[in-house]
Amino acid sequence: MELDKMDENDWKYHGEGNKSLVVSHVQHARVLRLLKYSTEDAENSPKTTDQAFRHIQNIVDYSQNVMKPLLGEKFVHNGEAVKLPLDFVRQLSLKVQQERPESRCDKVMDTLSGCALCLPNLTQLSSCCCCREHRPPLCIEIKPKCGFLPASRHITKDIKRKVCRFCMHQHFKLANGKWKRLSRYCPLDLFSGNKQRMSLAIKNLIEEPQNNFNIFKGGECIYSCNDDADVLQDLDELAQHLRPYFLPSGSLLNRQQSSKVVLHELIQVIVSALLSSWDCPRSGQLRKTHLSEGRVTCEASLLHRDLLRNGNHCLPKDCVLDKILGTQMLDNLDIEGLSPLLKRVEQHLQMFPKERCRLQMDGPYNASFLEKVQNCPAEDDGSLEYAVGKVHQYRVAMTAKDCSIMVAIATCGEDDGLDQSLEIQTTKPRFTCSVSILDLDPKPYESISHQSRLDSKIVNHYLRRTQPNNQELDNLEELANQSLFLGRDRDGEDCTLVFHPV
Ligand SMILES: O=P(O)(O)O[C@@H]1[C@@H](OP(=O)(O)O)[C@H](OP(=O)(O)O)[C@H](O)[C@H](OP(=O)(O)O)[C@H]1OP(=O)(O)O
Ligand SMILES: Nc1ncnc2c1ncn2[C@@H]1O[C@H](COP(=O)(O)OP(=O)(O)OP(=O)(O)O)[C@@H](O)[C@H]1O
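Since this is a predicted model, take the numbers as computed values, not measurements.

So, how was this worked out
- Residues numbered from 1 in each chain as written.
- Chains lettered and ligands numbered in written order.
- Predicted model: local features only at pLDDT ≥ 70, side-chain atom pairs only at ≥ 80, totals over all residues.
- Heavy atoms only, no water.
- Helix = DSSP H or I, 4+ residues; strand = E, 2+ residues; numbered from the N terminus.
- Contact = heavy atoms within 4.5 Å.
- Areas by Shrake-Rupley, 256 points an atom, 1.4 Å probe, with all protein chains shown as cover.
- Buried < 20%, exposed > 50% of the residue type's maximum accessible area, 1.4 Å probe, protein only.
- Pairing = 2+ DSSP bridges.
- Near = heavy atom within 4 Å.
- Polar contact = N/O pair within 3.5 Å; in protein donor to acceptor, adjacent residues only side chain to side chain.
- Nonpolar A, V, L, I, M, F, W, Y, C, P; charged D, E, K, R; others polar.
- Domains from an automatic or database assignment.
- Buried area = accessible area lost by both parts, 1.4 Å probe.
- Salt bridge = Lys/Arg side-chain N within 4 Å of Asp/Glu carboxyl O.
- Axes fitted to C-alpha atoms, helices over the stretch in contact; angles between N-to-C directions.
- Parallel < 35°, antiparallel > 145°, perpendicular 65-115°, else oblique.
- Expected span 1.5 Å × (residues − 1).
- Arc of directions from axis to C-beta.

Caption draft 1: Quick peek at the overall build of the chain. Looking only at helices and strands, one finds 15 helices and 14 strands in the chain. Across the chain, the fraction of contacts at a sequence separation of at least 24, relative to all contacts at a separation of at least 6, is 73%. Accessible surface for the chain amounts to roughly 23,500 Å². Of this, 49% is attributable to carbon and sulfur atoms.

Encoded structure:
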């Protein structure tokens, strides 16, 4: 990429989240990730080009020196901080504006600094993984969120040990109008390692993607949450896109039958990719990570109790889910156990503000930061160092609870070489696949206190809605929502997919 010859016509809108907007190159498998900021919060945006560059370089360092060692070399692509011509960035901003979803337009793209993060386009397979097949690659993006129930002795509300954060948060989001329907997805099912539970989790993501699920074909997003949340997802249209990948061209199945088969096959491929151990492909069954029984089942999940009790609940060691879960579980005190330690750090920093630098509260994210994360003492010895170590661990866990997984797949013929990619073995066509993790930004130290407030709000709201003894249900709408939730619970076995052993 020649930075002095940048042309906005070579780039197109690709997607965005809360903090960044992504454009992709029309020919090369590259993306640029530009920062966004809220106009009301302009004073918190980086003021000079150097500050913005430093901010992006911090993201690169954090990905490379902290998240990559924790999550695995194969999954993390840290990218490169770049300085772009300002005129190019301004033109680009104008060009993409009309493509942006309304729900994300509360923030504007940074057009002042000219700084961005350049990354490989993870919706496309790297050339070494590509087959001779000309069909465009498919890519499935999943934002899995937190995959375990906390076991910390500091927890004050027992419900947190029974219902997972995502499922409780759904009710809070519904009440606040962020979404209009509850998602049936439960992260504990996805992270269970049990293929039946995982399949149901993915089926639920497909049915209600919210901001947790997207599908790309040839780098174009073909399936995601509608901005108009009233409109249900068109699964039939999705199945038509997928049909050539999963059904032989002469298939005699009618449209409805083929939709079922195609979605079932897609889910199988995703499950296989998520469970593959990349260090020893095809031997994903060798070493396994077990979670203690009580931490793997969420009472809000709709699965049949027998399956939850008797199924296999472990992840192959080193598969992408195992890596993410292990990093999420660095948060072993829960926000309630962390809060007094956060206070210890805050008090120290109030007295000695210059210590912020030595303690690496805002980086630099180097080997010494990772050392603080990995070698934090197991027990509180009352020291500042212990408190700082736990705060750093919590922030790293937050990143892992908010990252996304990209599973890029392509069909391949009998004699295609597989090089560094992974062969997914299913009953029908052969696929090569690459799995990556994205959105690995450091979470600011300041965001921890927000987490603490949010945690109380989510839990209190959930208790008010779902527990009959909490009589604070204030209107009929709330009651309706509650019965919707209870109805879900009773529907435990309602699954339109036919599950075959995989
Ligand atoms: O706090 P959560 O669990 O709601 O996560 C936030 C996400 O909301 P979600 O629940 O996934 O819809 C939120 O996602 P959306 O903007 O809702 O798509 C962001 O990812 C946010 O991260 P950041 O503050 O922008 O770095 C996320 O915030 P933090 O990870 O910083 O807490
Ligand atoms: N390297 C990449 N290759 C392909 N697509 C990408 C890449 N990085 C990001 N994207 C796409 O852009 C979207 C937004 O990126 P990202 O999740 O990093 O933004 P964010 O603002 O940090 O998100 P969040 O809301 O979680 O804070 C992603 O959901 C993904 O679809």
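Caption draft 2: Looking closely at the pairing of strand β12 (residues 404-412). Counting buried residues along β12, nine of its nine residues qualify, which places the element largely inside the surrounding structure. As judged from the five bridges shared by strand β7 (residues 138-142) and β12, these two strands associate in the antiparallel manner. Along β12, the bridge assignment pairs Cys139 with Ala408. One ladder, built from nine bridges, connects β12 with strand β14 (residues 430-438); its direction is antiparallel. What sits directly across from Ala408, in β14, is Ser434.

Caption draft 3: The arrangement of the site of ligand 1 in detail. Taken together, 15 residues are adjacent to ligand 1, and Asn18, Arg104, Lys178, Asp402 and Gln451 come closest. Lys178 is positioned with one of its side-chain polar atoms (N or O) 2.2 Å from an oxygen atom of ligand 1. Gln451 has a polar side-chain atom sitting 2.5 Å from an oxygen atom of ligand 1. Protein coverage of the free-state accessible area of ligand 1, which is 590 Å², stands at 81%. Residue assignment for the shell around ligand 1 shows that the elements contributing at least two residues are α3 (165-175), α13 (384-402) and α14 (447-466). Ranked by the residues each element gives to the shell around ligand 1, the list is headed by α3, at three residues. Residue classes in the shell around ligand 1 are distributed as two nonpolar, four polar and nine charged. Both domain 1 (3-121) and domain 2 (138-329 + 400-490) contribute no fewer than three residues apiece to the shell around ligand 1.

Caption draft 4: Broad picture of the site of ligand 2. Asn18, Lys19, Ser20, Glu141 and Asp439 are the nearest of the 21 residues found near ligand 2. In the model, an oxygen atom of ligand 2 is placed 2.7 Å from a nitrogen or oxygen of the Lys19 main chain. Between Ser20 and ligand 2, the recorded distance is 2.7 Å, taken from a backbone N or O atom to an oxygen atom. Only β1 (11-16), β2 (20-25), β3 (30-38) and β6 (115-120) provide two or more residues apiece to the shell around ligand 2. A per-class count over the shell around ligand 2 returns eight nonpolar, six polar and seven charged. Three or more residues apiece are contributed to the shell around ligand 2 by two domains, here domain 1 (3-121) and domain 2 (138-329 + 400-490).

Caption draft 5: Unusual backbone geometry, seen in detail. Here Gly363 and Pro364 are connected by a cis peptide whose omega angle stands at 0°. Within the element layout of this structure, Pro364 appears in the loop between α11 (355-358) and α12 (367-374). Although it is not a glycine, Gln210 adopts a positive phi angle of roughly 40°. Take Gln210: it is sitting in the loop between α5 (195-207) and β8 (213-217). Since its relative accessible area comes to 3%, Gln210 is described here as buried. One non-glycine residue, Asp439, lies in positive phi territory at about 60°.

Caption draft 6: Main features of the domain arrangement of the chain. Here the chain is partitioned into domain 1 (3-121) and domain 2 (138-329 + 400-490). With 17 residues of domain 1 at the interface, the matching set in domain 2 holds 20 residues. With both chains or domains summed, domain 1 and domain 2 bury close to 1,700 Å², and 59% of this area falls on carbon and sulfur atoms. Of all residues in domain 1, Leu71, Lys74 and Phe75 give up the largest surface area on contact with domain 2, accounting jointly for 38% of the area buried on that side. The salt bridge partner of Arg33 is Asp441, with a shortest N-O separation of 3.0 Å. Contributing elements (two or more residues each) for the side of domain 1 that touches domain 2: β1 and α1 (49-71). Top element by residues in the side of domain 1 that touches domain 2 is α1. It accounts for six residues. Residue composition of the side of domain 1 that touches domain 2, by class: eight nonpolar, four polar and five charged.

Caption draft 7: How the structure looks around the environment of Glu73. Looking at the secondary structure, you find Glu73 in the loop between α1 and β4 (80-83). Sequence-wise, Glu73 and Ser436 are 363 residues apart; in three dimensions their C-alpha atoms are separated by 9.8 Å.

Caption draft 8: Structural context of the packing of α1 against α13. Packing of α1 against α13 leaves a shortest axis separation of 12 Å and a crossing angle of 80°. In terms of orientation, α1 lies roughly perpendicular with respect to α13. Across from Tyr62, Val66, Met67 and Leu70 in α1, the residues of α13 making contact are Arg395, Val396, Thr399 and Ala400. A per-class count over the contact of α1 with α13 returns six nonpolar, one polar and one charged.

Caption draft 9: Spatial organisation of helix α2 (residues 86-97). The end-to-end C-alpha distance of α2, which contains 12 residues, comes to 17 Å, matching closely the 16 Å that a straight helix rising 1.5 Å per residue would cover. Of all the residues in α2, the buried ones are Phe88, Val89, Leu92, Ser93 and Val96. Down the axis of α2, the buried side of the element spans an arc of 135°, and every buried residue falls inside it. On its buried side, α2 packs onto β1, β2, β3 and β5 (107-109).

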